[in-house]
Amino acid sequence: MNVKITPNEKGNPPGKLADAELHFTEGPLEGLKLIGFSVWEKRGGGGRNVTFPARSYSVNGERRSFALLRPIVDATGQIKLREIVLEAYQEYE
């Protein structure tokens, strides 16, 4: 798997640094990509965060989001993936 970083050159929305995609190079997902990741500057400048693909929807006029990539048992996979995306962004810089 490779991580492709696309910088947010417009600076809009504020704090968004880049978009990220996962490109699969082996296995049953070879030749496919998973989009929807973003790298953000944490509020107050205390580091960086990665948001995962999600779909937004409304309930009674309230906007909510539904995470598309979820852990089966625990969140350790998400933590590892977040670190991989942040490392790819750091290398890009």
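Residues numbered from 1 in each chain as written. Predicted model: local features only at pLDDT ≥ 70, side-chain atom pairs only at ≥ 80, totals over all residues. Heavy atoms only, no water.

Participant: Go over a nonpolar patch on the surface, please, and point to the residues and values.
Facilitator: A contiguous nonpolar surface patch, about 300 Å² in accessible area, is contributed by Tyr 57, Phe 66 and Leu 68. Looking at the secondary structure, you find Phe 66 in strand β6 (residues 62–67). (Patch = residues over 30% accessible without salt bridge, like charges linked within 9 Å, V, L, I, M, F, W, Y side chains within 5 Å. Areas by Shrake-Rupley, 256 points an atom, 1.4 Å probe, with all protein chains shown as cover. Salt bridge = Lys/Arg side-chain N within 4 Å of Asp/Glu carboxyl O. Helix = DSSP H or I, 4+ residues; strand = E, 2+ residues; numbered from the N terminus.)

Participant: Any chance you could break down helix α1 (residues 76–92) for me, citing the residues and the numbers?
Facilitator: Along its 17 residues, α1 runs 24 Å from first to last C-alpha, staying within 8% of the 24 Å computed at 1.5 Å per residue. Looking only at α1, the buried set comprises Leu 81, Val 85, Ala 88 and Tyr 89. Buried residues of α1, viewed axially, fall in a sector of 100 degrees; they line one side. Exposed side chains of α1 directed beyond 90 degrees from the buried face belong to Lys 80, Gln 90 and Glu 91. (Expected span 1.5 Å × (residues − 1). Buried < 20%, exposed > 50% of the residue type's maximum accessible area, 1.4 Å probe, protein only. Arc of directions from axis to C-beta.)

Participant: Break down the packing of aromatic side chains for me, citing the residues and quoting the values.
Facilitator: We describe a pair of aromatic rings using the distance from one ring centre to the other and the angle between the two ring planes. In this structure the tally under the stated criterion is two aromatic pairs. Plain terms: the ring middles of Phe 37 and Phe 52 are 5.4 Å apart, the flat faces sit at 65 degrees to each other, and that makes the pair edge-to-face. Separated by 15 residues along the polypeptide, Phe 37 in strand β3 (residues 33–41) and Phe 52 in the loop between β4 (48–51) and β5 (54–59) bring together distant segments of the chain. Residue classification places Phe 52 among the buried residues on the basis of a relative accessible area of 13%. (Phe/Tyr/Trp six-rings, centres within 6.5 Å; stacked < 30°, edge-to-face > 60°.)

Participant: So, the nonpolar core: which residues are in play, and what are the values?
Facilitator: The biggest cluster of nonpolar side chains holds 12 residues, and these are Ile 5, Ala 18, Ala 20, Leu 22, Phe 37, Val 39, Val 50, Phe 52, Leu 81, Val 85, Ala 88 and Tyr 89. Within the residue set of this core, elements represented by two or more residues are β2 (16–23), β3 and α1. Tallying contributions element by element places α1 first for this core, with four residues. (Core = buried A, V, L, I, M, F, W, Y, C linked by side-chain atoms within 4.5 Å.)

Participant: So what about the sheet that holds β3? Which residues, and what values?
Facilitator: Here we have four strands laid out as an open sheet, ordered β1-β2-β3-β4, and antiparallel in their pairing. The open sheet has two edge strands with one neighbour each: β1 (2–7) and β4. Between one strand and the next, the sheet's axes are offset by a mean angle of 25 degrees, whatever the strand orientation. Of the strands in this sheet, β1, β2, β3 and β4 touch α1, which is tilted by about 55 degrees from β1. (Pairing = 2+ DSSP bridges. Axes fitted to C-alpha atoms, helices over the stretch in contact; angles between N-to-C directions. Contact = heavy atoms within 4.5 Å.)

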